[in-house]
Amino acid sequence: MLFQYGEGIHYFAVGIMRSLVSLGLSNLRTLLNIFVMKKIIIILTGLISLGSNLPCSAQNPQHKIDSLESLLKRHPQRDTTRVKLLLELATHAMTSDIDRCKQITDEQIHISDSLKYNYGLAFGYLRLAYYYGIKNDDSLFLVNSKKCLAIAERIKEKYIQGVVYVNLGGHYYTKLGQVDSALYFMDKSIACFDKNDDRNKEMLGMSLCNAGSVYLQQGDYKKALDYFLRSQKISEECKLTAYLFNIYYNLSLVYSDELKNEKAAREYAEKALKFSQ
């Protein structure tokens, strides 16, 4: 079974790691093989929206929201400046009040549409897709993802395209169990992210890790290993600690089941435990 990463799965996998590390080498493969056989594999991403994976401001988040709302009151003009303020406000409101975030995004889209402001529209539809994904409305998630993608392709905005592909592959098609489609969009997301840009590197590391998880589920250990090791390199370079648990956990499965390397499997299990705490 392929699990999307969440708090329940995180603690379940942590329990697995603690058991692995406490066992002797003679028992390690037996337990690991049970998890491989049962397809207990973790995929890291659920849904991504621009700004949702960025570090929080040093300011108090509510103070930032209040500041932005004050700026909007002083700038009633329906122009690109207001669109940008709405976009930033929606980003900060997203984690605290998702319904308020949608209200802000609806206004952002309405103004952007009247101005023919494609960037504002692309960001808005991406945010709406995120909203409907959180609400488990797959139909409207897909509609807004396609709207965002059409605009992003027209204006040649590769990063936004990549985020849409991450959501389609890592959330929508993985949820439906459509493996070929999930891998297709994961590979398209990988092609969109420039590894020389820090923002892109984070998304590239995530996309590689998710593709590796799906290949592992399919029993294609060679491809899974390649994707996980590439993701590991990027994630360690960029100190993406939130992703490393997933990478190390699944690498322990690859090394145990396919490569029959109990030492490496144990080392990766110990690394995963370290990053789970």
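Computed from a predicted model, the values in this text were never measured in an experiment.

Asks: Explanation requested: the environment of Lys222 in the structure shown.
Replies: Looking at where Lys222 falls in the secondary structure, it is placed in helix 11 (residues 221-237). Measuring from C-alpha to C-alpha, the distance between Lys222 and Val254 comes to 8.9 Å, with 32 residues separating the pair along the chain.

Asks: How do you make sense of helix 4 (residues 80-93) when you look at a structure like this?
Replies: Owing to its 3.6 residues per turn, the α-helix brings residues three or four apart onto one side. Over its 14 residues, helix 4 extends 20 Å from the first C-alpha to the last, a length consistent with the 20 Å expected when each residue adds 1.5 Å. Taken residue by residue, helix 4 has Arg82, Val83, Leu85, Leu86, Leu87, Leu89, Ala90, His92 and Ala93 as its buried positions. On its buried face, helix 4 is in contact with helix 3 (61-73), helix 5 (98-115) and helix 6 (118-134). You can read the cap of helix 4 off the contacts: a side-chain oxygen lies 3.3 Å from the backbone nitrogen of Thr81, and it is on Asp79.

Asks: What exactly am I supposed to notice about the nonpolar core here?
Replies: Soluble globular proteins tend to pack their nonpolar side chains together in the buried interior. Membership of the largest hydrophobic core comes to 78 residues, with the highest contact counts inside it found for Tyr125, Leu168, Leu216, Phe228, Ile247, Leu251 and Tyr255. Examining the composition of this core, we find that ten residues originate from one element, helix 12 (residues 241-257), more than from any other. Here Leu251 is in contact with Leu225, Phe228, Leu229, Gln232 and Tyr268, once residues within four sequence places are set aside.

Asks: Please clarify how the environment of Tyr249 should be interpreted in this entry.
Replies: When you line up the elements, Tyr249 lands in helix 12. Sequence spacing of Tyr249 and Ala269 is 20 residues, and the spatial spacing of their C-alpha atoms is 5.9 Å.

Asks: Please clarify how the packing of aromatic side chains should be interpreted in this entry.
Replies: Note on aromatic pairs: each is described by the distance of the centres and the angle between the planes. A full pass over the atoms with the stated rule returns twelve aromatic pairs. Every member of this aromatic cluster is reached through a ring pair, and the members are Phe141, Tyr165, Tyr172, Tyr173, Tyr184 and Phe185. Taking the ring centre of Tyr131 as reference, the NZ or CZ of Lys102 above it sits at 5.9 Å. The ring centre of Tyr227 lies 5.3 Å from the NZ or CZ of Arg230, which sits over that ring.

Asks: Which parts of the structure should I look at to understand unusual backbone geometry?
Replies: In terms of backbone geometry, most residues other than glycine have negative phi values and most peptide bonds are trans. A positive phi angle, close to 60 degrees, is found at Asn136, a residue other than glycine. Structurally, Asn136 is set in the loop between helix 6 and helix 7 (138-154). In this structure, Lys156 takes a positive phi of about 60 degrees despite not being glycine. Assignment of secondary structure puts Lys156 in the loop between helix 7 and helix 8 (158-176). Owing to a relative accessible area of 69%, Lys156 belongs among the exposed residues under this scheme.

Asks: So what exactly am I meant to see when it comes to the environment of His110 here?
Replies: Topologically, His110 is positioned in helix 5. Exposure remark for His110: the relative accessible area of 53% places this residue in the exposed category. The spacing of His110 and Arg78 is 32 residues in sequence and 9.6 Å in space, taken between C-alpha atoms. A polar contact is formed between the side chain of His110 and the side chain of Arg78, at a distance of 2.7 Å.

Asks: Explain the confidence of the model for the protein to me, please; I cannot follow it from the model alone.
Replies: Parts of the model with low pLDDT should not have their predicted coordinates read in detail. Taken residue by residue, the protein gives an average pLDDT of 81. The fraction at 70 or more is 77%. The model gives residues 1-14 a pLDDT under 50, and that stretch makes 39 contacts with residues more than four places away or in other chains. In this model residues 32-41 is a low-confidence stretch, pLDDT under 50, and it forms 33 contacts with partners more than four residues away in sequence or in other chains.

Asks: What exactly am I supposed to notice about the side chain of His75 here?
Replies: In this structure, His75 sits in the loop between helix 3 and helix 4. You can call His75 buried: its relative accessible area is 18%. The contacts of His75, once residues within four sequence positions are left out, are Thr81, Arg82 and Leu85.

Asks: What is the right way to read helix 5 from this model?
Replies: An ideal rise of 1.5 Å per residue puts 26 Å on 18 residues; helix 5 measures up with 26 Å between its terminal C-alpha atoms. Elements that come into contact with the buried residues of helix 5 comprise helix 4 and helix 6. Phi for Lys116, located one or two positions after helix 5, is positive at around 55 degrees.

Criteria and cut-off values
- Residues numbered from 1 in each chain as written.
- Predicted model: local features only at pLDDT ≥ 70, side-chain atom pairs only at ≥ 80, totals over all residues.
- Heavy atoms only, no water.
- Helix = DSSP H or I, 4+ residues; strand = E, 2+ residues; numbered from the N terminus.
- Expected span 1.5 Å × (residues − 1).
- Buried < 20%, exposed > 50% of the residue type's maximum accessible area, 1.4 Å probe, protein only.
- Contact = heavy atoms within 4.5 Å.
- Polar contact = N/O pair within 3.5 Å; in protein donor to acceptor, adjacent residues only side chain to side chain.
- Core = buried A, V, L, I, M, F, W, Y, C linked by side-chain atoms within 4.5 Å.
- Phe/Tyr/Trp six-rings, centres within 6.5 Å; stacked < 30°, edge-to-face > 60°.
- Lys NZ or Arg CZ within 6 Å of the ring centre and 35° of its normal.
- pLDDT = per-residue confidence, 0-100.

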